[in-house]
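As a plain string of letters, each chain reads:
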Amino acid sequence: MEKLVQFIAIYILTTCLVVQTKSPFRNGKEFDDKDPSDWNTLAQNQITKAIHFNQNINKAKNVIFFLGDGMGIATLTASRILKGQKQGKPGEEAYLNFETFHNTALIKTYNVDSQVPDSAGTATAFLTGVKGNIRLIGLDGGAKYGNCESISGHELSSILEWSQNAGKHTGFITTTRVTHATPAGLYANTVNRDWEASIPLNIAHREVCKDIALQLMEDIPGKNCKVIMGGGRLYFLPENVTDENSGKRGLRIDGRNLIKEWQTDKKDGIYMGDLEDFQKWNPEETKYALGLFGVDHLDYEVDRKNDSKGQPSIAQMTRKAIKMLQKGPNGFFLFIEGGKIDHAHHATNPYRALEEMLAMEKAIEVALDMTNSKDTLIIVTADHSHTMTISGYPARGNPIYGVAGTSEIDLEPYTTISYANGPGYNISDKGIRANVSGIDTGDKNYLSQTTVPLGSETHGGEDVALYAKGPWSHLFHGLQEQNYIAHAIAYASCVGNFPTACNN
Ligand SMILES: *[C@@H]1O[C@H](CO)[C@@H](O)[C@H](O)[C@H]1NC(C)=O
Ligand SMILES: *[C@@H]1O[C@H](CO)[C@@H](O)[C@H](O)[C@H]1NC(C)=O
Ligand SMILES: *[C@@H]1O[C@H](CO)[C@@H](O)[C@H](O)[C@H]1NC(C)=O
Ligand SMILES: [Zn+2]
């Protein structure tokens, strides 16, 4: 029996290797864009896959939810072209790893009171299963912005809590502050997303409001997370304490040192403040882990320092978090946010936005490697889009950061990537767009041109995509309201309102 298993394993391994090294086209020949039979074969292979696809109706023991903040569809297209071009190919034909998942859906992202949403209102939708208002978190549409008295009766619970109630081990990772809007959707109820460290003293009835860091540390479900990693140390430290690493002072006005309190409370937990701590951490021997690797948001991947005082990458954090959560006998729920795609877009800085996207793709690769789609549901989606577009008629394989053409109106060249609004507008002395000839538009710090000058580029209001693989991934189909996501995950993993839906 053992011999047979070994033989089968070797057979599968070698077959996979052959398939991987050989092109899927006749006799290992490279795909030829000008050969119609190659296009026909490519399409037929996809049809074969589609007709042999078996719906997976196993229980999703584990759920890994990847959220690319601001990862609109244009971001996906541009990143995949960049990925292909880094491999020396034209680029358009490439795929990001999750873009080959069989099941996809389009998601309507508007908030109850906003046509174009923010990360607070959208996190409320996809994590609690109910849409809420812009800039509020974990509260239904009846709560009012900045109004502490409007909280009562409007609190929502999230998929994090439902998963904990079902006995799953849970945690989250973000490249932003762990108290930022998106991760806060997992554990907080607040009328103002900015109240991360304190409620301002002039707010009426501030006694019935609780800041986001405090909710994470003190309340269910935040305090029950096995693993929490990201940035935002200053939000956990009091004003009279100086952060050792940065020399900056804490932001809390209540005098509390929440990191110290966490260490006292979680005797068998580990607190980590830098890459050295992270590398020493053995996730298999730890019950609780809190990693606050930055005073504020973590660094962009391209700016990240790899020294001992530096920060781990999103892929490194993903590997150790999965290692740790895999110990849970009833499975786990892990939320992972690539949060800085959004920040780079707000700056109209395509280089960092696309590199953040590719850094998150590496984390998805880790998750795919470490889990089995028989019992693990992986979903990848965005909270909202941005105003970046890919336009003009650049030739096939034109560098994605390059020039697409020249305007016959202002006679200036224009790049393929541009934004509808934001800080990159750069109007020259002549009152027209700056002349980009001779400028390296693929530079790390280049800001793309925009139509409307704004200090910070805004979100985009069109639908986002969702990709799913694993048990019940076929629940993700068609065009859905964003709150559907939490319900579909609950159904697939038998938590929340669906405790027995998949008892087979
Ligand atoms: C900071 O202030 C708190 C209370 O206001 C006090 O208990 C604590 O000792 C102070 N810490 C430092 C380092 O001064
Ligand atoms: C833009 O700059 C290039 C190179 O410096 C120059 O050849 C071209 O004439 C400029 N375009 C305009 C409209 O001034
Ligand atoms: C504006 O564009 C000009 C010419 O392309 C360039 O030299 C300059 O650095 C740009 N300014 C900013 C703030 O990006
Ligand atoms: Zn944003």
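Residues numbered from 1 in each chain as written. Chains lettered and ligands numbered in written order. Predicted model: local features only at pLDDT ≥ 70, side-chain atom pairs only at ≥ 80, totals over all residues. Heavy atoms only, no water.

1. Brief notes about the state of the cysteines
Phase 1 of the analysis: This model, assessed by the stated rule, comprises 1 disulfide.
Phase 2 of the analysis: Across the disulfide from Cys148 sits Cys209; the S-S distance is 2.1 Å. Because the sign of the S-S torsion sets the handedness, a value of about -115° for the bond joining Cys148 and Cys209 places this disulfide among the left-handed ones. One end of the pair, Cys148, is in the loop between helix 4 (119-128) and helix 5 (159-165); the other, Cys209, is in the loop between helix 6 (181-184) and helix 7 (212-218), and 61 residues separate them in sequence. Taken as a pair, Cys148 and Cys209 share a single burial class, namely buried. (Disulfide = S-S within 2.5 Å. Helix = DSSP H or I, 4+ residues; strand = E, 2+ residues; numbered from the N terminus. Buried < 20%, exposed > 50% of the residue type's maximum accessible area, 1.4 Å probe, protein only.)

2. What about a nonpolar patch on the surface?
Phase 1 of the analysis: Together, Ile73, Leu106 and Leu479 make up an exposed nonpolar region whose accessible area comes to about 240 Å².
Phase 2 of the analysis: Residue placement: Ile73 occurs in helix 3 (residues 73-86).
Phase 3 of the analysis: On the basis of relative accessibility, which here comes to 36%, the residue Ile73 falls in the partly exposed class. (Patch = residues over 30% accessible without salt bridge, like charges linked within 9 Å, V, L, I, M, F, W, Y side chains within 5 Å. Areas by Shrake-Rupley, 256 points an atom, 1.4 Å probe, with all protein chains shown as cover. Salt bridge = Lys/Arg side-chain N within 4 Å of Asp/Glu carboxyl O.)

3. Description of helix 4
Phase 1 of the analysis: Burial analysis of helix 4 places 10 of its 10 residues in the buried class, the great majority of the element.
Phase 2 of the analysis: Those residues of helix 4 that fall on the buried side of the exposure criterion are Ser119, Ala120, Gly121, Thr122, Ala123, Thr124, Ala125, Phe126, Leu127 and Thr128.
Phase 3 of the analysis: Buried residues in helix 4 make contact with strand 1 (62-68), helix 5, helix 6, strand 7 (332-338), strand 15 (459-460) and helix 13 (484-493).
Phase 4 of the analysis: A distance of 3.1 Å separates the backbone nitrogen of Ala120 from a side-chain oxygen at the start of helix 4, and that oxygen is part of Asp118. (Contact = heavy atoms within 4.5 Å. Polar contact = N/O pair within 3.5 Å; in protein donor to acceptor, adjacent residues only side chain to side chain.)

4. As for the packing of aromatic side chains
Phase 1 of the analysis: Under the defined criterion, the tally for this structure stands at 12 aromatic pairs.
Phase 2 of the analysis: Measuring from centroid to centroid gives 4.9 Å for Phe31 and Trp39, while their planes differ by 85°, and the two rings are edge-to-face.
Phase 3 of the analysis: Ring centres 5.8 Å apart and planes at 20° place the aromatic pair Phe172 and Tyr187 in the stacked group. Here Phe172 is found in strand 3 (residues 169-177), whereas its partner Tyr187 is found in the loop between helix 6 and helix 7, with 15 residues between them in sequence. No difference in accessibility class separates Phe172 from Tyr187, as the two residues are buried.
Phase 4 of the analysis: Members of the aromatic cluster, each reached through a chain of ring pairs, are Phe65, Phe126 and Phe335.
Phase 5 of the analysis: Above the face of the Tyr288 ring, Lys266 is positioned so that its terminal group lies 5.0 Å from the ring centre. (Phe/Tyr/Trp six-rings, centres within 6.5 Å; stacked < 30°, edge-to-face > 60°. Lys NZ or Arg CZ within 6 Å of the ring centre and 35° of its normal.)

5. Digging into the site of ligand 2
Phase 1 of the analysis: What surrounds ligand 2 is the set Leu411, Glu412, Lys430, Asn435 and Ser437.
Phase 2 of the analysis: Between ligand 2 and Ser437, the relevant distance is 3.1 Å, taken from an oxygen atom to a side-chain nitrogen or oxygen of the residue.
Phase 3 of the analysis: For ligand 2, whose free accessible area comes to 360 Å², the fraction covered by protein is 42%. (Near = heavy atom within 4 Å.)

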